[in-house]
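Listed here are the chains, written in short residue letters.
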Amino acid sequence: MQTIDEALDSLERSKFRSSFHLSKKDIEYINQKGMDTIRSHAEDFVRSRLAPAVIPNDGKQTPMRGHPVFRAQHATACCCRGCLNKWYRVRRNTELSPEQQKKIVALLMAWIEREVRKAAL
């Protein structure tokens, strides 16, 4: 099992995954709402869009922009069950456990925190 840092390092080696970054507007939104609110949004998106065993629009349920968590989901390959299966071997057609959901949210938040730190430099 890989750590969050190992996963993020692996994702940075992917041309597609490493092309995602938070926009200035995303960072302003994060600063306005605070990390606790962003984490709450991430938990809700994962619970409602990724956790169910059957997702009717799997592969299309996560917009490319509109919320910092959406960008994080694409950057971390947590945007659909297909990507979760390819990158992390998360089984399709099986409901995500609370522990799996917690790990996904932790990865999303770690990516967001890295992006915010980079933007501050």
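Given the structure is predicted, the values throughout are model-derived calculations rather than measurements.

Scoring rules and cut-offs
- Within every chain, residues take consecutive numbers counted from 1 along the sequence as written.
- This being a predicted model, a pLDDT of at least 70 is required before a residue's local features are given, and a value of 80 or more before pairs of side-chain atoms are given or counted; all residues contribute to the totals for chains, interfaces and linings.
- The basis for every side-chain value is the complete set of heavy atoms in the structure, and neither hydrogens nor water enter the calculation.
- Put simply, DSSP H or I for four residues or longer makes a helix, DSSP E for two residues or longer makes a strand, and each gets a number counted from the N terminus.
- Summary of the burial criterion: residues with accessible area below 20% of their type's maximum are buried, those above 50% are exposed, and those between are partly exposed, where the area comes from a 1.4 Å probe applied to protein chains only.
- In what follows, a contact means two residues having at least one pair of non-hydrogen atoms within 4.5 Å.
- Only Phe, Tyr and Trp rings take part, Trp by its six-membered ring, and two of them pair if their centres are within 6.5 Å. Stacked means planes under 30 degrees apart, edge-to-face means over 60, and tilted covers everything else.
- Cysteine sulfur atoms are paired as a disulfide whenever they fall within 2.5 Å.

Looking at unusual backbone geometry
Look at Ala 77: it is not a glycine, yet its phi comes out positive at around 60°. Here Ala 77 shows up in the loop between α4 (68-75) and α5 (81-88). Although it is not a glycine, Arg 89 adopts a positive phi angle of roughly 60°. Mapped onto the elements of the fold, Arg 89 is located in the loop between α5 and α6 (98-120).

A short note on α4
Most of α4 is tucked away, with 8 of its 8 residues classed as buried. Lining the buried residues of α4 we find α1 (4-12), α2 (24-33), α3 (35-50) and α6. Looking one or two residues beyond α4, the residue adopting positive phi is Ala 77, at roughly 60°.

Let's talk about α5
Among all positions in α5, only Arg 81, Gly 82, Cys 83 and Leu 84 are buried. Of the surrounding elements, those touching the buried residues of α5 are α3 and α6. Immediately downstream of α5, the backbone of Arg 89 shows phi near 60°, a positive value.

Remarks on the environment of Gln 101
Mapped onto the secondary structure, Gln 101 falls in helix α6. For Gln 101, a relative accessible area of 15% translates into the label buried. It is 12 Å that separates the C-alpha atoms of Gln 101 and Arg 39, two residues lying 62 residues apart in sequence.

Focus: the packing of aromatic side chains
Going through the model one piece at a time under the given rule, you end up with 2 aromatic pairs. Seen in terms of ring centroids, Phe 16 and Phe 20 are 5.1 Å apart; in terms of plane orientation they differ by 90°. Their pairing is edge-to-face. Using a relative accessible area of 9% as the deciding quantity, one classes Phe 20 as buried.

So, the state of the cysteines
Applying the stated criterion across every chain yields a total of 0 disulfides. Here Cys 79 stays unpaired: no disulfide links it, and the sulfur of Cys 83, its closest cysteine neighbor, is 3.6 Å away.

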